[in-house]
Amino acid sequence: MTYPERFSGFQAPSAEQWLDFAQGAWEPRPFGDYDVDIKIECCGVCASDVHTVRGDWGEMPYPLAVGHEVVGSVLRVGPKVTLAKVGQRVGVGAQVYSCLDCRHCKNNNETYCKEQVNAYGSLYPGTDFTTQGGYSSHTRIHEYWVFPIPDNLASSDAAPMMCAGVTVYSPLTRFGAEPGKKVGIVGIGGLGHYAIMFAKALGAEVWAISRSRAKEADAKVMGADGFLSTSEEGWSEPHKMTFDLILSTASSFDGFQLSEYLSLLNVHGRFNLVGVPGGDGLNVSTFSFIENGCSIGASNLGSRREVLEMLDLAAVKGIKSWVKEIPISKEGIQQAIGALEDSSVRYRSCLVGYDEAFGV
């Protein structure tokens, strides 16, 4: 494999021209003892990419390559690396650093480390390097955040699991999606379709919850045992206080009936948010929690252990992403983002054709 001195990628030039991706190049941060260099094969396209380069979540350093659902091949490993080897097919997700020494890192909660670093737009500790994401030819990652991909998972199936997949897998396993439990999944999209498939694979009774029945047939193919449409009068009545866990992947809170969702939960059931819509969030009333003693919370990504468990489950159960492959280019990225914004993607896009785009 050819080893480049500079990495290149498609970068957004500014928040004002965030869709005008152009190829740029940069020197990677200094290579460390525990580092792994990866030649990228493909990268999923996540709504977080859009929110970031558009400036929805605050100012960002430009030019910036986003993308945090990477699969590629290992080119080089540092002298102290034990978790990856040259030639291995690996994945990288939305987190690329934690201190590995705090109590959170030591109890499989490293995604909550106070020093955690995002895959793009963050200053890497001990350097002046701003992390660049997976719309790029290569990436340099600490071995802890590099994950071997099982042989029977296609690269474009595995790539979106590195963020969307583990974001739902973590709360499903932590909050009890298992045989004998009833789990609701709000929203059937990039996150929600994984949530349905993983909850079913974990043995739970799974209900998809959406505004209309437009995706009901898809949800049933994914494994949903039932379907609720929130636009139908009395939709919640037959299921009040019957759900053990509801996972919300909703991309918008417009007209969101939080009190109705909470009324579905069994005593001490949990409503967990993994979708991050823009705007001011939800209005919450204490009275919505009293009748069933339910709780509401949110979660972030997943630990290394959970990523490896998720990939193994997908391999054993034959779980495949509902994914569309799009050759990476300025136009290809714009196409994938357009499908995200008008909700036409079914249900994840993955950028491919990296060799042709970067000539490596």
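All values derive from a computational prediction rather than experimental measurement.

> Is there a simple way to explain the nonpolar core in this structure?
Most often, soluble globular proteins have nonpolar side chains that are buried together. Phe21, Tyr135, Leu172, Ile196 and Phe198 are the most contacted members of the largest nonpolar core, which has 88 residues in total. The residues that make up this core include at least three from each of domain 1 (7–160 + 323–358) and domain 2 (165–298). Once you skip the residues sitting within four places of it in the chain, isoleucine 196 turns out to touch Ile185, Ile188, Val206, Ala208, Ala219, Met222, Gly223 and Ala224. Val186, Leu228, Phe253 and Phe271 belong to the second-largest nonpolar core, a separate cluster that totals 19 residues.

> What exactly am I supposed to notice about the domain arrangement of the protein chain here?
In many reports, interface size means the accessible area that the parts give up when they come together. Domain boundaries in the protein chain define domain 1 (7–160 + 323–358) and domain 2 (165–298). Of note, the centres of domain 1 and domain 2, computed from C-alpha atoms alone, are 29 Å apart. Counting residues at the interface gives 10 residues for domain 1 and 12 residues for domain 2. Summing both partners gives a buried area of about 840 Å² for domain 1 against domain 2, and 47% of it is carried by carbon and sulfur. The three residues of domain 1 that bury the most area against domain 2 are Pro160, Tyr347 and Arg348, which together make up 59% of that side's buried surface. Our count for the contact surface shared by domain 1 and domain 2 stands at 0 salt bridges.

> Even after reading the chapter, I still don't get the packing of aromatic side chains, so can you show me in this structure?
What describes a pair of aromatic rings is the distance from one ring centre to the other and the angle between the planes of the rings. Tallied over the entire structure, the rule returns 13 aromatic pairs. Taking 5.2 Å as the distance between ring centres and 75° as the angle between the ring planes, the aromatic pair formed by tyrosine 144 and tryptophan 145 counts as edge-to-face. Assigned by exposure class, tyrosine 144 and tryptophan 145 land together as buried. We note lysine 182 situated over the ring of phenylalanine 243; from NZ or CZ to the ring centre the distance is 4.4 Å. Sitting above the plane of the phenylalanine 175 ring, arginine 270 keeps its charged end 4.0 Å from the centroid.

> So what exactly am I meant to see when it comes to empty space enclosed by the protein here?
Leftover empty space is mapped by rolling, across the atoms, a probe with the size of a water molecule. For the structure on display, the rule yields 2 cavities of 30 Å³ or more. Counted as a void, the largest cavity has a volume near 190 Å³. Along the wall of the largest cavity there are 21 residues; nearest its centre are Ala119, Gln132, Thr139, Arg140 and Ile141. The leading source of residues in the lining of the largest cavity is strand E8 (residues 138–142), at 4 residues. In this structure, the second largest cavity encloses a volume near 90 Å³. Around the second largest cavity, the lining residues are Gly93, Ala94, Gln95, Thr111, Trp145, Phe147, Met162, Val166, Leu301, Gly302 and Val307.

> Would you take a moment to explain the sheet that holds strand E13 (residues 243–248) for this structure?
By way of backbone hydrogen bonds, the strands of a sheet pair with one another, either parallel or antiparallel. Across the sheet, 6 strands lie side by side as E12-E11-E10-E13-E14-E15; this open sheet has parallel pairing. Looking at the sheet topology across the chains shown, the edges are occupied by strand E12 (226–229) and strand E15 (295–298). Put simply, the sheet's adjacent strands are angled 20° from each other on average, direction ignored. Here 5 bridges tie E13 to strand E14 (residues 265–273), and the two strands are oriented parallel to one another. Residue pairing across strands places leucine 247 opposite asparagine 272, the latter belonging to E14.

What counts and how
Residues numbered from 1 in each chain as written. Predicted model: local features only at pLDDT ≥ 70, side-chain atom pairs only at ≥ 80, totals over all residues. Heavy atoms only, no water. Core = buried A, V, L, I, M, F, W, Y, C linked by side-chain atoms within 4.5 Å. Buried < 20%, exposed > 50% of the residue type's maximum accessible area, 1.4 Å probe, protein only. Domains from an automatic or database assignment. Contact = heavy atoms within 4.5 Å. Buried area = accessible area lost by both parts, 1.4 Å probe. Salt bridge = Lys/Arg side-chain N within 4 Å of Asp/Glu carboxyl O. Phe/Tyr/Trp six-rings, centres within 6.5 Å; stacked < 30°, edge-to-face > 60°. Lys NZ or Arg CZ within 6 Å of the ring centre and 35° of its normal. 1 Å grid on protein atoms, 1.4 Å probe; cavity = no way out; pocket = protein on both sides within 12 Å on 5 of 7 lines; lining within 4 Å. Points joined across faces, edges and corners; volume = space filled by probe spheres on them. Helix = DSSP H or I, 4+ residues; strand = E, 2+ residues; numbered from the N terminus. Pairing = 2+ DSSP bridges. Axes fitted to C-alpha atoms, helices over the stretch in contact; angles between N-to-C directions.

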